[in-house]
Amino acid sequence: MLKRLAISIFLGANLCTILLLWLSVALTYISPEHLPRLSLLTLAFPVFLAANILFLLFWLLFKARLTWVPIAGMLLVGGHILDYTPLNLQNNSNNPAADTTLTIITYNANYPKSKEESTQALLQFLKTTNADIVCIQEISRQFFNINRKWLDSTDYQVRQDHSIAILSKHPFLSDAIHIDYPTRKNHSVACWINYYGDSLLVINNHLESNHLSNKDKDEYTHTIIDPNQQAIKSSTRLLINKLSKAANYRGAQTDSICTIIDHNLNHSTIVCGDLNDTPISYTYQQLAQRLTSAYREAGTGPGFTYSRRSFPVRIDHLFFTNDWTCTSCRIDHTISTSDHYPLIVRLTKKIR
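Residues numbered from 1 in each chain as written. Predicted model: local features only at pLDDT ≥ 70, side-chain atom pairs only at ≥ 80, totals over all residues. Heavy atoms only, no water.

So, the environment of Glu 208
The topology assignment puts Glu 208 in the loop between strand S7 (198–206) and helix H8 (214–225). Note: C-alpha distance between Glu 208 and Asp 277 (69 residues apart in sequence) is 9.3 Å. Not counting chain neighbours up to four residues away, the residues in contact with Glu 208 comprise Pro 182, Thr 183, Arg 184, Lys 185, Asn 186, Ala 246, Tyr 249, Arg 250, Gln 253 and Asn 276. Side chain to side chain, Glu 208 and Thr 183 meet in a polar contact 2.7 Å long. Polar contacts involving the side chain of Glu 208 include one to the side chain of Arg 184, which spans 2.9 Å. (Helix = DSSP H or I, 4+ residues; strand = E, 2+ residues; numbered from the N terminus. Contact = heavy atoms within 4.5 Å. Polar contact = N/O pair within 3.5 Å; in protein donor to acceptor, adjacent residues only side chain to side chain.)

Details of the sheet that holds strand S11 (residues 324–331)
Strands belonging to one sheet form pairs held by backbone hydrogen bonds; the direction of such a pair is parallel or antiparallel. Spatial strand order, S3-S4-S2-S1-S12-S11: six strands in an open sheet with mixed pairing. Sheet topology places strand S3 (157–161) and S11 at the edges, where each strand pairs with a single neighbour. Ignoring which end each strand starts from, the neighbouring axes of this sheet average 15° apart. In the sheet, S11 pairs with strand S12 (residues 343–349) via seven bridges, with the strands oriented antiparallel. Bridge pairing in S12 places Cys 329 opposite Val 345. In the packing of helix H5 (residues 116–129) onto the sheet, contacts are made with strand S1 (101–108), strand S2 (133–137) and S12, and the angle to S1 comes to roughly 165°. (Pairing = 2+ DSSP bridges. Axes fitted to C-alpha atoms, helices over the stretch in contact; angles between N-to-C directions.)

Remarks on the pattern of salt bridges
All chains considered together, the criterion is met by eight salt bridges. One salt bridge connects Arg 184 with Glu 208, and the closest N-O pair in it is separated by 2.9 Å. Pair noted here: Arg 184 is in the loop between strand S5 (177–178) and strand S6 (187–195) and Glu 208 is in the loop between S7 and H8, with a separation of 24 residues, a long-range link. In this structure Glu 208 comes out as buried when scored by relative accessible area, which is 0%. (Salt bridge = Lys/Arg side-chain N within 4 Å of Asp/Glu carboxyl O. Buried < 20%, exposed > 50% of the residue type's maximum accessible area, 1.4 Å probe, protein only.)

Here it is in structure tokens:
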């Protein structure tokens, strides 16, 4: 009798975690403008996923015939699980580059907060990686003027708007195009690039930040380490208010970016940057409906691009149109001057 009751309780708990898992996925199809607070439930996706995996292990040990429950629950959102943590085992990063191969870096440099040694580290990193296109967020407007000597020693041309810059070894076909959308201080910029006679649209983004100060993050970390009721209430209230307000902005910003993509469906397009959203979000899913995610196609594991102060997440992304194939996508941990890590992607043009 007690065993049957315990099984029923655990089964009910498992069903609840499945429903929450499904709800977190369903919310990625609704703009946060409509449900800003509820949309934050998408951030708990890995928690609900981990809970279902634990239930799977539990049923294997104590009631094998119920293992289908968590398996069925996860299979229904299997595509989103692979968005969050893809399982690509083959790494083609060592394949020789051809004329039709394009190496792109997207990186939130967190500058000018960096010091002089960080500046040199950034310049050395860019020189060493030798990418065809570099999309940088949070870079000083004066950075490349101050480092003009370095820029002149490379093959890069630069287009910049506010704190967003695009460096390219291929000729630019346009000046930087500012993308107007509601924001407090974030930006997106686009430009056209001549890629061996074809026009390539590159959209570099730094979507709305959550505006969590170092103090906010420290308080959150302290709450995890030494929880108490008052601290949890205060920290939770602060996080919900800031995160929901930022999510509301990103919903509108995402719609603006998607409108540009929709207007250029016949053109080769790359969209990248610090999107400040995980793969389980409205931002990511709207872009993934139109373009291919580089990390989903060639990455492995959750791949955290931001992992400071107890906030390990992948919020830096790169998407591309179906005239490209992604042969390599990796997160570079060799440079640590920013609170982000660079995402380095190699694309190969498909033969028509």
